[in-house]
Every structure is written in C-alpha cells, then in structure tokens.
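The lines below spell out each chain.
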Amino acid sequence: MDKRNPKYTANLSIQKVEHFANDRSTIHVSHVTSNERAKTVGIFWDLQNCCVPKGKSVLELVEKIRKTFIPEDSEFELKTFACVCDTKKESQMTIKDLNSGTVSILHVDADAKNAADEKIKGLMDEFVKDAPTGSKVVLISSDVNFSDKLSHFKNKCKLQVALVHEEKANPALLQHATQTFRWEDLTHDLSDRSGYLDTSDPILIIDGYKISSSSDKEKIKLELEILTQPWKGKVQPVGNKFTIVSLDDKNNLESAKNTINGKTVLGQIINVALLEESCYKTAVEKQINANKQGVSETKLSKNERKGSAKRDTQTNLLDIASESASVCTTLVREGCAKKGAQPIPSTVENAVRGFGLFWDFESCSVQPGQISITLQTILHRFCLAEFRLIENLCVCDVRQQPDLILKEMADCQLKTVHSIENPSDTMKNCLLDFNAQCGVGTKVVVISGKPEELRLTDMKHNKKVYIVLIHNIENPTICLDLFATQHLMLSELFQPSD
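Residues numbered from 1 in each chain as written. Predicted model: local features only at pLDDT ≥ 70, side-chain atom pairs only at ≥ 80, totals over all residues. Heavy atoms only, no water.

Chemist: Got a minute to help me understand helix H9 (residues 253-260) in this structure?
Modeler: Residues three or four positions apart in an α-helix share a direction because the helix packs 3.6 residues into each turn. Inspection of H9 places Leu253, Ala256, Lys257 and Ile260 among the buried residues, and these make up the whole buried set. Within H9, the buried residues cover an arc of 100° as seen down the axis, which keeps them to one side. Looking at the buried side of H9, the elements it contacts are strand E9 (203-207), helix H8 (216-228) and strand E14 (271-274). Gly262 occupies a position one or two residues after H9 and carries a positive phi of about 90°. (Buried < 20%, exposed > 50% of the residue type's maximum accessible area, 1.4 Å probe, protein only. Helix = DSSP H or I, 4+ residues; strand = E, 2+ residues; numbered from the N terminus. Arc of directions from axis to C-beta. Contact = heavy atoms within 4.5 Å.)

Chemist: Can you help me understand the sheet that holds strand E4 (residues 76-85) in this one?
Modeler: Note: strands within a sheet are paired through backbone hydrogen bonds, in either parallel or antiparallel orientation. One open sheet accounts for 12 strands, arranged E8-E7-E6-E3-E4-E5-E17-E16-E15-E18-E19-E20; its pairing is mixed. Each end of this open sheet is capped by a strand with a single partner; those strands are strand E8 (179-182) and strand E20 (486-489). Put simply, the sheet's adjacent strands are angled 20° from each other on average, direction ignored. Against the sheet, helix H4 (residues 115-130) engages strand E3 (39-46), E4, strand E5 (104-107), strand E6 (136-140), strand E16 (387-396) and strand E17 (415-418), with an angle of about 175° to E3. (Pairing = 2+ DSSP bridges. Axes fitted to C-alpha atoms, helices over the stretch in contact; angles between N-to-C directions.)

Chemist: Sorry, what's going on with the packing of aromatic side chains here?
Modeler: Applying the stated criterion across every chain yields a total of 6 aromatic pairs. With 5.2 Å between their ring centres and 35° between their planes, Phe242 and Tyr280 make a pair best called tilted. Here Tyr280 lies in the loop between E14 and helix H10 (281-293) and Phe242 lies in strand E11 (residues 242-246), a separation of 38 residues in the sequence. Relative to Phe361, the ring of Trp359 has its centre 5.3 Å away and its plane inclined at 55°; by these criteria the two rings are tilted. (Phe/Tyr/Trp six-rings, centres within 6.5 Å; stacked < 30°, edge-to-face > 60°.)

Chemist: Please explain the confidence of the model for the protein chain as it appears in this structure.
Modeler: Predicted coordinates in areas of low pLDDT are best not read in detail. Of the residues in the protein chain, 78% reach a pLDDT of 70 or more, and the chain-wide mean stands at 77. Low pLDDT, under 50, characterises residues 1-35; the predicted model gives this stretch 59 contacts beyond four residues in sequence or across chains. Low confidence marks residues 294-351, where pLDDT is under 50. Its contacts with residues over four positions away, or in another chain, come to 72 contacts. (pLDDT = per-residue confidence, 0-100.)

Chemist: Please clarify how the packing of helix H2 (residues 58-69) against helix H3 (residues 92-100) should be interpreted in this entry.
Modeler: Two measures define how a pair of helices packs: the angle their axes make with one another and the distance between the axes. The geometry of H2 relative to H3 is characterised by a closest axis approach of 8 Å and an angle of 40° between their N-to-C directions. Judged by the angle between their axes, H2 and H3 are oblique. Our pair here, H2 against H3, has a crossing hand that is right-handed. Residues Val58, Leu59 and Val62 of H2 lie in contact with H3, whose contacting residues are Thr94, Asp97, Leu98 and Ser100. Looking at the contact of H2 with H3 residue by residue, the classes come out as 4 nonpolar, 2 polar and 1 charged. (Parallel < 35°, antiparallel > 145°, perpendicular 65-115°, else oblique. Left-handed = near helix turned anticlockwise from the far one by under 90°. Nonpolar A, V, L, I, M, F, W, Y, C, P; charged D, E, K, R; others polar.)

Chemist: Explain H4 here, please?
Modeler: For H4, spanning 16 residues, the distance from its first C-alpha to its last is 24 Å, which sits close to the expected 22 Å at 1.5 Å a residue. Looking at H4, one finds that the buried residues are Ala115, Ala116, Asp117, Ile120, Lys121, Leu123, Met124, Phe127, Val128 and Asp130. (Expected span 1.5 Å × (residues − 1).)

Listed below in structure tokens is the structure:
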C-alpha cells in the first residue's frame, strides 16, 4: 500500500478496524457505510469554454481552483482533476503548465461536434460511479448541454454540484448547481504568466547570425544571455532568422541596443533593433500573437491549404482500418458486458474482477491501422468472461501524433491522456488511481517500453493484481518477472496463445 497516495486510502476505506485497549490482539471488523467513507471531489474543466485569460498564469489559476474547492481544513479529498481540450490548438505553454500543475489533460478534436462535452460527461460518470454520498462534482463550463447531467448528480445521486461559469451562462444550467462561481471572479486578479510577451513590452530583435547545426541555437542563446545580462535580458527561443530578447525596463532599450549592436556571436556580427525598426517586425508580431493564442496564423493558413489533400491521402488508410476499428469499438464500448458482468460494486468483498488497459504510446507505439487490431487482440486474449473492462487509456504527447493515429484512438474509444515531458510519470499516476479502485484479482494489461518507471511491483505484490506486460524491449537488462505476472513482446501478441 502506498501511504503517500491519499486516493489509495480514501478508496479502500470500506472497512473499519477497532482496537480495544485491554486486548490489542483482538480485532473487530465492521463494514463502513457509504456515508462514512471519505467524500471526494472531481474537477472537470472544459478549457475551450472557460479558457485561461491571455498571458495569465495557468499554474496560479490551477492552485486557485484547488484551494477554492478543497480548502486545507476540508473534509473532501481530490480524486480527479481533468481538463479536456484540443491540445493541438492550445498554447504549448498552457499545456506545459497544466502538466506541471498535475492536471490530467485529455485530448479531443475541437472540430468534432460536442466532442469535449461527451468526453467530460463520460469522465463525470466514471467519478460518480464510485463517489460516496455527499461527494462533490465541480464543472468548469458554461455549456447548457450539461444541464441534464448536473440535475441527475444533484437530485438522483445526492451529490454536491459546484458550477464555475462565465457571466452570461444560461439560467437553465445554473439552476441545477448547489453552488455557482463566476469564472471572471477566479481569473480577474491572476498574475502574468512567466515568459509571457506582448508587442508593447520592451523587446529587442537580434538577427545577422546563421544556423549551421542543431547545437548552434543553444550556443547562440547562451552568448546572448551573457551579452544582455546587465539589462536583465530574457532570451526567447532562438529562431532561424531572428531572436527576441525582452528587457525588464523600457528605459534600457536604447542603451542595450547601442551596446550590443555589432557584437560577435558565434563568430558572426549581429544586428540589434527595436521592434518598430526591425525588418522582421511583421514576423515578430505574428510570433508573439501566436504564442498568446496557441496556433500561428501561418500554420493555420498552411493547414487550411493542405487540409483537403491531407484528408484525401488519409481516406484510403482509414478505410483499411475501419473494419477492425469497428469491431474493437464495439468490444470497448460494451466493456465485455456481453459476458454478463455487473456494475462495479463499492465494497471490496463483492468487487467484480476488473480489467484495465494502460498504454504508454511514447515508449511502445504501433503504426496507423494497428491500434484497433492490437486492442481487439488484447481483449479477446486477456479479458475473459469473469472480467469487466473498466479502464482503457493511452498516454502520449498528442501534439507529436499524426491525425490518423488520434482518429483511430478516438474510434476505438481509447481515452487519450496528454503528457509532454514525462509520460511514464503520467502513466504511473493513472495506474495508481486505477489500483486504488480495484479489488484483489484485478487484471491489468500494461503496454510500455519502460516498466521499471511505473511501480508495477507494488501493484503485483501488495494488491495481488495480475499484470500482463506487453513491451518492445529486445534484450532486457532488467528482470521483467519483477514487474509482471506475465510478459511478452508486442510482436508476440499476434502469435497463437498456448
């Protein structure tokens, strides 16, 4: 048992152990009712609907949301903090800060109708399924499509419903909340985001250098940092043609410009100009605005020009994968319900034998068209009649995946959890959450090329979870038996089982 994980204790506190002072060897066990279980909080954020104000600190906002709904002396414990968005259209800085704030980021296609709404509804249903009476659902959205769900949670499930909404939210949505909060009240006094730039800020534009290798950019950045240090210069990522340097004081612009102009960087004489003087003025303004909005105008126009041709190119590939994807989608949606599984009970002694599938796509990936057949094979081979599929997710950097892969994941109902810097950490946290909900005899299929980073040993030995590890490690230098009850290479998955 991992005592550092409060979720573990909260979800398994369904038995109460009473020690008597006169006889410490005597232990009486009595069942705890759902009312005695720790109340939990689930926070669900529709980022497209309630977006972060431009240039404001995401980390500060996340912390403010946490403190608002789970104060230090609160009886509640945070179980879920999920943000749903199109990660390809959000600012990279915003996504990184959400990751740093330990918010689960789930990718949806913004162009698909109601995709974010349906994803959030599914996440809320998962949370409510296990939540003790009196727990709290926090929805950050002004979308009236959530009215029925909030009404159900409030009146049928007897949960507290907190709604964070924009000022002009529909009263039909507000009436179903037990608490309402204006989004503007949470965001109006946020600090500026670190590294945020505006065209009105004191900035210098530096050009005149040439990039001949990938290491040149780091060398140039280091030399520029040294040159601009007297004016507390902050060097932005070095571009192929120009680099932006921000200063802390407008009064230092002329002095810094005159001092640095004509200096040598990487053996090349550089030009330094104010924004209004620079020949790259238009490009700089576009870059700054793109960083604010998350998608550059140039990129959008290119995508629009290529969009039609790209869709035509993908059509045949999608047709090839559609048949197996259709079969797999049916299996996943039904969660093996055809095999007679019942809803997950809330006590361990009656717990159904759950089945979970967790895929680290960054360390163990497949080609387009293979996701559906991989999932289908796993379900047929490992999810037997006595198991019920209760989780299937994939961790990856969504921005780096081609649209075809993301489309296939969505078709297969594979929950996509976005992670930028350390997918293994995100995967580990997802496994811990799942582990806390499941009883003895649960089966987990883990697809990963880095099993040593996932704390599978704890699940295997402490919780007696049956772990199937599917990996791509050609010559393991670690003993895979430590992490899994059964292990096989991804290429072996499609070979006939014994």
